[in-house]
Amino acid sequence: MIEVRQAGLLTSVQDLGRDGFGPLGVSRSGAADPVALRLGNGLLGNPPGAAALEMTLLGGTFLFHADAAITLSGADFGATLDAVPLAPLTERAVRAGQSLRVGATRQGARCYLCVRGGIDVPLFLASASTHLLSGTGGFEGRALRAGDRLKCHAAGTARPPRRLDPRLAPLLAPRRTLRVTWGLQRDWFSAGAQREFLAHPYRATEECDRMGLRLAGAVLTPLAPRELLTEGVPLGAVQVPPSGQPILLFVEQQTTGGYPKMANVIAADLPSIGQLRPRDEIRFELVEPDAALAAIREQELLLESDQLFVPAPASDSGH
């Protein structure tokens, strides 16, 4: 049992989401940075999609009522266990009665608290992820608050503590240049507008959440006023509303929309969106579909590699 003493800015239960329900109007949801979630679970010997706590910008304080093994992944939030610093991406044993305090982000936007065995909540459409917009899934369909008590699944067999191989860590680090392929309506925009989109940086505004990120930068104006019939929109689509300032659709995006789509972020770079904070700058880089497929294959091979983790020093693991 984990008791939430302080919930932070936005803390929710997330796994790898619920793919396949877009035709029913249900977006994927799940971890905003699925690579970070998979790394945290992998260190503990959990299945890749075991449910964990996702914290945004500001973490919380958690009291453990039973012994556990945990790791923190994603952005560094300066966590401490009973006031002792807790290194990211390193397994740590926790004793009953100890408190974990997760502070404010030092870099990136989201941090994941993974527990051996995973968080135990009822499944909704085969997933434990919280869909905040619709109030479904996760823990009562909402963000956590002080006083909540979370159950954990029975832990699997303990293994020697490990950490992410520091030589491989840069290959999985979040990117600030997001690779894209062209969207269905890019020909609505002039060749000059397309060049502007790729040539100049965009800044994430304060209007950023799990549904999407509004960007500020070069204004993208269509060649002529046109209306688009509502059609399906994918995760990572770069929509252009009448303001000309792009919107980057994210894990709780609407599944249909009527704005033209200039581009789409490739699958391998979607996790990087989850670590963008307001005022962060990004750029877009055009790649061919074959390169996009090669990038996600390379990422998957690395995440599934037996060489991804190495033994952790005893001083780091707390064992």
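The preceding data block contains the structure.
Residues numbered from 1 in each chain as written. Predicted model: local features only at pLDDT ≥ 70, side-chain atom pairs only at ≥ 80, totals over all residues. Heavy atoms only, no water.

Let us now look at the sheet that holds strand β16 (residues 212-216). If you trace the seven strands once around the closed barrel, you get β14-β21-β18-β19-β16-β15-β22, paired in mixed fashion. For this sheet the average axis-to-axis angle between neighbouring strands, irrespective of direction, equals 40°. Inspection of the sheet shows strand β15 (residues 202-208) paired to strand β22 (residues 281-286) by two bridges, in the antiparallel sense. Paired with Tyr202 across the bridge in β22 is Ile282. (Pairing = 2+ DSSP bridges. Helix = DSSP H or I, 4+ residues; strand = E, 2+ residues; numbered from the N terminus. Axes fitted to C-alpha atoms, helices over the stretch in contact; angles between N-to-C directions.)

Let's shift gears to helix α4 (residues 289-303). Under the 1.5 Å per step criterion, the end-to-end length of α4 is 21 Å for 15 residues, consistent within 8% with the ideal 21 Å. Packed against the buried residues of α4 are α1 (34-44) and β14 (177-182). (Expected span 1.5 Å × (residues − 1). Contact = heavy atoms within 4.5 Å.)

For the rest of this paragraph, the subject is the pairing of strand β3 (residues 52-56). Taking burial as the measure, the five residues of β3 include five buried ones, the bulk of the element. Judged from the four bridges that link them, β3 and strand β10 (residues 110-115) form a sheet pairing that is antiparallel. Residue Leu53 lies in a different strand from β10, and its bridge partner there is Leu113. (Buried < 20%, exposed > 50% of the residue type's maximum accessible area, 1.4 Å probe, protein only.)

Further remarks concern the sheet that holds strand β12 (residues 149-152). By definition, the strands of a sheet pair up through backbone hydrogen bonds, in either a parallel or an antiparallel sense. With respect to topology, seven strands assemble into an open sheet ordered β7-β6-β9-β4-β1-β12-β11, the strand pairing being antiparallel. Here the strands that pair on one side only, and so sit at the sheet edges, are β7 (84-85) and β11 (119-120). The pairing of β11 with β12 spans two bridges and is classified as antiparallel. Counterpart to Asp120 in the pairing with β12 is Lys151.

As a further point, take empty space enclosed by the protein. The final tally for this structure, using the stated rule, is one cavity of 30 Å³ or more. A volume near 40 Å³ is recorded for the largest cavity. Along the walls of the largest cavity sit Leu72, Ala75, Asp76, Phe77, Gly78, Ala79, Leu86, Pro88 and Cys111, which together make up its complete lining. Each residue belonging to the lining of the largest cavity can be placed in one class, and the counts come to seven nonpolar, one polar and one charged. (1 Å grid on protein atoms, 1.4 Å probe; cavity = no way out; pocket = protein on both sides within 12 Å on 5 of 7 lines; lining within 4 Å. Points joined across faces, edges and corners; volume = space filled by probe spheres on them. Nonpolar A, V, L, I, M, F, W, Y, C, P; charged D, E, K, R; others polar.)

What follows concerns the side chain of Thr61. Position of Thr61 among the secondary structure elements: in strand β4 (residues 61-64). Leave out the neighbours within four places in its chain, and Thr61 touches Glu3, Val4, Arg5, Gln6, Leu100 and Arg101.

Another point: the layout of surface pockets. Roughly 750 Å³ of internal volume is contained in the largest pocket. What lines the largest pocket is a set of 34 residues, among which Ala169, Pro170, Leu172, Ala173 and Pro174 lie closest to the centre. Secondary structure elements with two or more residues in the lining of the largest pocket: α1, β5 (68-74), β13 (162-164), α3 (270-273) and α4. Classifying every residue of the lining of the largest pocket gives 19 nonpolar, seven polar and eight charged.

Its place among the elements puts Asp15 in the loop between β2 (11-14) and α1. In terms of polar contacts, Asp15 uses its side chain to reach the backbone amide nitrogen of Gly17, at 2.8 Å. At a separation of 3.4 Å, a polar atom in the side chain of Asp15 contacts the main-chain amide nitrogen of Ser129. (Polar contact = N/O pair within 3.5 Å; in protein donor to acceptor, adjacent residues only side chain to side chain.)

Turning to the nonpolar core, a few remarks are in order. Ranked by size, the top nonpolar core spans 35 residues in total, and within it Phe197, Tyr202, Leu248, Val265, Ile273 and Phe284 carry the most contacts. Elements with a minimum of two residues in this core: α1, β10, β14, α2 (191-199), β16, β21 (261-265), α3 and β22. When sequence neighbours within four positions are dropped, the list of residues in contact with Phe284 reads Leu178, Val180, Phe197, Leu198, Tyr202, Leu215, Val238 and Val265. Among the nonpolar cores identified, the runner-up in size contains 29 residues, and Ala68, Leu72, Val102 and Leu150 belong to it. (Core = buried A, V, L, I, M, F, W, Y, C linked by side-chain atoms within 4.5 Å.)

Before going further, it helps to spend a moment on the environment of Arg176. Its location among the elements puts Arg176 in the loop between β13 and β14. Judged by relative accessible area, Arg176 falls into the partly exposed class, the value being 40%. Taking C-alpha positions, Arg176 is 6.5 Å from Arg283, a pair spaced 107 residues apart along the chain. Apart from residues lying up to four places away in sequence, Arg176 is in contact with Leu276, Asp280, Glu281, Ile282 and Arg283.

What follows covers the side chain of Ser12. Checked against the element boundaries, Ser12 lands in strand β2. For Ser12, the side chain forms a polar contact with the side chain of Gln14, separated by 3.0 Å. Discounting chain neighbours no more than four positions away, the residues touching Ser12 are Ala52, Leu53, Glu54, Thr130 and Leu144.

The subject of this paragraph is the state of the cysteines. A covalent bond between the sulfur atoms of two cysteines is referred to as a disulfide. As enumerated under the stated definition, the model contains zero disulfides in all. As a non-bridged cysteine, Cys111 has Cys114 as the owner of its nearest cysteine sulfur, 8.7 Å distant. Under the relative-accessibility criterion, Cys114 is labelled buried at 0%. (Disulfide = S-S within 2.5 Å.)

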